[in-house]
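For reference, the chains in residue letters:
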Amino acid sequence: MGANTRTGRMMPSYIDDRLIATIVLTAIAAVIPLFVSEYVRTLIQRCLLWIPPTFGVYIIYSLLRQVHFAQSIFIGLGSYIAAFLAGKYFVTSELLILLPLSLIVSIGVAYVLGIFIMRRTGFYFAIMGIAVTMAFWSLVYKMRQITGGSDGISDIKNPSLFGIQLGDQGLYYVSLVVSLGLILLMRRILHSPFSLQLRAISGDLQKAESIGIPVNGMRRLAFIVAGANAGVAGVLLAFSYNYVGPTTFAWEFGAHFVQAAIIGGVNYFVGPIVGAFVFVGLEFLVSTWFPNLWEVVIGVIVAVIVVTVGEEGVTGIVKDLFGRTLKRANLEERTYSDGK
Amino acid sequence: MLAIDGLTVSYGTEIAVKNVSLTVSGEVVCLCGRNGAGKSTLLKAVAGIADIDSGRILLDGKNVVDIPLHKRLEAGIGYVPEDRKLFNEMTVRENVEVARIGARAAGRKDMDVNEFLPELASFYDRKSKLLSGGQQKMVSIARAIVASPKVVLFDELLEGLAQAMAFKICDVVKRLKAEGKDILCAESSLDKASLYADRVIWLEQGKIVAMGTPAEIKSQMMEHIRKMPVGQDFRQGDEGCRPS
Amino acid sequence: MFSMGLRYILNALPVVSYVILLSFSYSFLLYICGRVSLTFAGIYLVGAYATVSLSIALMGNSLSFAGFMGILLLASLLGAAMLVASYLCFERFLKTDVHRMVATSSLLLVFRGLVKVVWGTTPVTYSAPFLELGVSEIAGNIVPNYYLFMLGLALLLMLALAYFLNRTSWGMRFRASSLDGDRTMAQACGVNQNLVTLMTFAISGVLAGLAGGLYAPIAGAAYGSEANALLLAALSVIIGGVGSIGGAVLAAFIVGIVRAVAAIKMPVLELAVPFIIASVTLMLRPFGIWGKEFRY
């Protein structure tokens, strides 16, 4: 930065860069369904819907340094709300009812669960998270009359918005808008004093408490924010998959969001976005050739990423490569101008 | 005889000890200096806890730099850490035994710590976490000397000890010296060092700036110490040497 | 009433026994090395499949119990080898607890995926040893001898480990290196930490592999059972306290029996019950019933 100002080269400021990137990417995401097959569109839609829950993991990880395996609960809650109300016991398929309802339920459940799960940090939190997902799984699995047991609920009608029945394309744009809105909301939250306080908590619990931060309340709030994200995405995921089963609650499903966040890189705000796209893309690519191997491949990739670059993830690697070429270009320019 | 030759230790970019050379033979040498001057780091380097960048550490002419941490006790280096660091859930006996077994396995002669530190007898079978600070220090010393090392390293020996216990510990140090052991200590207070040290080495930013008897150093350095800017007192280095 | 209670307890014995082994496999690693690792559940799964496949391949229908013991031994050695290999190739590069949790959970998914590739998703069963041992009668309740054998073996191993830790010189070194002691100072006292870590991983692997192998004749080797095992074992550690043998046994009994009761009375809450017990424990005793206060 300093070098640039000294050489007098006009660089667009950092924020503008991001704004431009956001607009460009959103525009691409908006027009792409017009050019690609239906299948690819569904895939992109799925990527978009993976972003909010991955953001939940990201918030808990980057601010609190905890591993959040329990995102699948909220995905599952949202999905089953959609499946019950718009599928099995058809009441309404109006998104303006489903989404807020799922949001409220997720927040409520996250509030209650937070009391139990957030009590301790470290492996206690991770294990309790896994335990909760398993508890929900067995609940859904065994309440066969209501939930359809292991068969799940398939036959979910497409939702409507403002009373207008949405097509598949319409659902795509709703997903885009919802996920973009949540991303912007997360950005707002991460630039607020809330995130600073959370960072203080991750440093030292006792110290944070002694300077007057309500430690438990703040941590539970982070958990609620993460859960709300997943709950909203869950409704749209149910419509997207057109099927909801107990595997939605399985612990490995929650672990996949952790993997996605790690692949993307939890040191960067764009990490979860990159992670969601890379994860879903990889899952698709590997399972087209080797249907049984995608979990193995992704597991190995995550393990390698953790060992080699830690929290940097793919974003960090790309940024590093990109930064190096940029620096080299800069350097060449400088030598050129210096060697007059 | 312990001889340190051109020792340099760093944590990342921070150099904690810069090219220090010193010898200890049959005496009690105490490293003094402000917090973060590199005293503790130097001791940790000799004990094998901190990795060194360059230099040699000679024990009776044999370089011990490449000897891993768990073999240093066998090689003849005993270390008493700053905050005692006992094995809390174990009895005093077991604390001492751990070191004794290691020494015996290596064919080293172990020593009768109960004879050397008769005070231990009164709490020999109690859990070490239940002991007072002075008693814990005593156990920590016993653990370091049970393998009859040639060199004993004491980090902040008298830190946080009441006067009576401090005298007792000083007495222990003098008896160890009488047994012919080389003793290297680190002490942040010059007054405390003068209670037991034959020679004081003043470290400043990882380098030796003065050397002499406690009285000499006191007269030499007092003016300097008074003028020392407090703001520079804190450095990260001292904290950062826990091996992962 | 009493006989009813006894029946529940007897029915819960297999789960209790394997949870004892598995939870201590996890908490031993955590206690001695300070390492969180979820890989043990993967080892459990592989142990179960290895036992069943080996038994079918080597013995078919002609079962000798000694042969089955030999296969169990093989399964536990396989577990030890795998966990040690996973440490040497992978886990030793993980520097923080968060990294360990993320990476080992991924490793667990890898194990799971490999099991799926090798054995498929249909459960494999081999109940010959279970049938072979016959049944006996305790206070009017018929109980398979295999249940008693499992519990006996689990308790025997725990006793052996307790003896090893508290009475032998190597055990003393282990305790000196544990969370209760001080790793660096233990090493400065001549305890080779690399060796201690390797041995801890090996013991942990033996326990996990054996847990899988022992339970396999009853439940079969089933893809997906690792989640159940992970849950019960890890919750038992939370309930019993890290590093405590008594805690592991007690917690396994609590979790196993309450879960067995719940499975009959309220099957819907079968897996919620262990979680509720763990939550209550954390509220009353944050470090577990028998646990000590660690930095975790």
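Just so it is clear, the model here is predicted, and its values are computed rather than measured.

What about the interface of chain B and chain C?
Listed as interface residues are 21 residues of chain B and, on the opposing side, 20 residues of chain C. Together chain B and chain C conceal approximately 1,900 Å² of surface at their shared face, both sides included; 68% is due to carbon and sulfur atoms. Our count for the chain B to chain C interface comes out at one salt bridge. With its nearest N and O atoms 2.7 Å apart, the salt bridge here joins R175 of chain C to E94 of chain B. On the surface where chain B and chain C come into contact, there are three residue pairs in polar contact (both at pLDDT 80 or more). Looking at the side of chain B that touches chain C, the elements with two or more residues in it are helix 2 (69-75) and helix 3 (92-105) of chain B.

Quick word on the confidence of the model for chain B
When pLDDT is averaged across chain B, the result is 82; 93% of the residues are at 70 or more. Segment residues 232-244 of chain B: pLDDT under 50, and 21 contacts once partners within four positions in sequence are set aside and those in other chains are kept.

Quick notes on the environment of P159 of chain A
Residues and elements named next belong to chain A. Within the fold, P159 resides in the loop between helix 7 (144-147) and strand 1 (160-161). In this structure P159 comes out as buried when scored by relative accessible area, which is 0%. On a C-alpha basis, the gap between P159 and V91 in space is 11 Å, while along the polypeptide they are 68 residues apart. With sequence-adjacent residues up to four places away left out, P159 is seen in contact with S93, L95, I164, Q165, L166, L171 and F239.

Quick notes on the interface of chain C and chain A
For interface size, the figure often reported is the accessible area lost on association. At the junction of the two partners, chain C supplies 47 residues and chain A supplies 43 residues. Approximately 3,900 Å² of surface area, both sides summed, lies buried where chain C meets chain A, with 77% of it carried by carbon and sulfur atoms. Summed over the three residues of chain C that lose the most area to chain A, namely L109, V268 and F275 of chain C, the buried surface amounts to 16% of that side. Counting the contacts that link chain C with chain A gives three salt bridges. Where chain C packs against chain A, one counts five residue pairs in polar contact (both at pLDDT 80 or more). Here the element with the most residues in the side of chain C that touches chain A is helix 4 (residues 97-119) of chain C; it accounts for 15 residues.

Things to note about the sheet that holds strand 3 (residues 28-32) of chain B
All names here are of chain B. The six strands lie next to each other as 6-7-8-3-9-10, forming an open sheet whose pairing is mixed. In this open sheet, the two edge strands, each paired with only one partner strand, are strand 6 (77-80) and strand 10 (207-212). Within this sheet the neighbouring strands show an average axis-to-axis angle of 20 degrees, counted without direction. Bridge analysis of strand 6 against strand 7 (residues 151-155) gives four bridges, and the strand direction is parallel. Residue pairing in the sheet places G78 in a bridge with V152 of strand 7.

Quick look at the environment of L195 of chain B
Residue and element names in this part refer to chain B. Along the chain, L195 falls in the loop between helix 7 (190-193) and strand 9 (199-204). Relative accessible area serves as the criterion here: at 32%, L195 is assigned to the partly exposed category. Along the sequence, L195 and L158 sit 37 residues apart, while their C-alpha atoms lie 9.6 Å from each other. L195 has contacts with L158, F167, C170 and K174, leaving out every residue within four places of it along the chain.

Analysis parameters
- Residues numbered from 1 in each chain as written.
- Chains lettered and ligands numbered in written order.
- Predicted model: local features only at pLDDT ≥ 70, side-chain atom pairs only at ≥ 80, totals over all residues.
- Heavy atoms only, no water.
- Contact = heavy atoms within 4.5 Å.
- Buried area = accessible area lost by both parts, 1.4 Å probe.
- Salt bridge = Lys/Arg side-chain N within 4 Å of Asp/Glu carboxyl O.
- Polar contact = N/O pair within 3.5 Å; in protein donor to acceptor, adjacent residues only side chain to side chain.
- Helix = DSSP H or I, 4+ residues; strand = E, 2+ residues; numbered from the N terminus.
- pLDDT = per-residue confidence, 0-100.
- Buried < 20%, exposed > 50% of the residue type's maximum accessible area, 1.4 Å probe, protein only.
- Pairing = 2+ DSSP bridges.
- Axes fitted to C-alpha atoms, helices over the stretch in contact; angles between N-to-C directions.

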